[in-house]
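Per-entry structural report
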Amino acid sequence: MTQDTTDDIRPATAADVPAVKAVTDAAYHPYIERIGVVPAPMEADHAAEVAAGRVHVTGDPVVGVLVLVPHEDHLFLDSIAVHPRAAGQGVGRRLLAFVDERARSLGLPEVRLYTNAMMWENQRIYPRYGYEMVERRVDGPYDRYHYRKRI
């Protein structure tokens, strides 16, 4: 899985739902203790997200998951998850490149996302891919940094 293209990223199907849950859980589980609550992506209705066409996956078996929600003026990156066994293989980089391609194909001028303030690794990663921090906001039990990237 070290190729540089996004050609192997595809829409998830109902058959992918268990893998979507497994990859999401594996990617986000280490943060439970750090942030003190279960990360929101772990509690998502994965079957409904897949049925709505919002989920894309990569790998066989699946090692990367994206949840994308198009809005009128932006593409919202609701979740990105890479299975820990695929860490360091460029999966995250290819998924983020796909997000940019998807926004362009939909004619949307920017991508937005947020990350928990306690997921400090992401605060180093996203700016390297062109995202700028817009604000910090508390949403219920979640203290989040909101980012955007103009496409």
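Please refer to the structure placed before this passage.
Everything in this summary refers to the structure shown in the same document.

Reading guide: rules and limits
- Residues numbered from 1 in each chain as written.
- Predicted model: local features only at pLDDT ≥ 70, side-chain atom pairs only at ≥ 80, totals over all residues.
- Heavy atoms only, no water.
- Helix = DSSP H or I, 4+ residues; strand = E, 2+ residues; numbered from the N terminus.
- Rg over C-alpha atoms; globule rule 2.2 N^0.38 Å.
- Contact = heavy atoms within 4.5 Å.
- Areas by Shrake-Rupley, 256 points an atom, 1.4 Å probe, with all protein chains shown as cover.
- Lys, Arg positive; Asp, Glu negative; His and termini not counted.
- Charge placed at Lys NZ, Arg CZ, Asp CG, Glu CD.
- Phe/Tyr/Trp six-rings, centres within 6.5 Å; stacked < 30°, edge-to-face > 60°.
- Buried < 20%, exposed > 50% of the residue type's maximum accessible area, 1.4 Å probe, protein only.

To continue, consider the overall build of the chain. Secondary structure assignment for the chain yields 5 helices and 7 strands. Reading the helices (α) and strands (β) of the chain from amino to carboxyl end gives β-α-α-α-β-β-β-α-β-α-β-β. What you see for the chain is a C-alpha radius of gyration of 14 Å, in line with the 15 Å of a compact globule of 151 residues. Summarising its shape, the C-alpha atoms of the chain cover approximately 35 × 35 × 30 Å along the three principal directions. Counted over contacts in the chain with a minimum sequence separation of 6, partners at least 24 positions apart contribute 62%. Here the chain has roughly 7,800 Å² of accessible surface; of this, 52% comes from carbon and sulfur atoms. Looking at charge distribution, the chain has the averaged site of its 18 positive side-chain charges lying 4 Å from that of its 21 negative ones.

Turning our attention to the packing of aromatic side chains. Per the counting criterion, the structure on display carries 3 aromatic pairs. Aromatic pair Phe-76 and Tyr-114: ring centres 5.3 Å apart, planes at 45°, arrangement tilted. Of this pair, Phe-76 sits in strand β4 (residues 75-82) while Tyr-114 sits in strand β5 (residues 110-116), and the two are 38 residues apart along the sequence. Residue Tyr-114 is classed as partly exposed on the basis of its relative accessible area, which comes to 26%. Ring plane angle 70° and centroid distance 5.7 Å describe the contact between Tyr-126 and Tyr-131, whose orientation is recorded as edge-to-face. Tyr-131 shares its class with Tyr-126; the two are buried.

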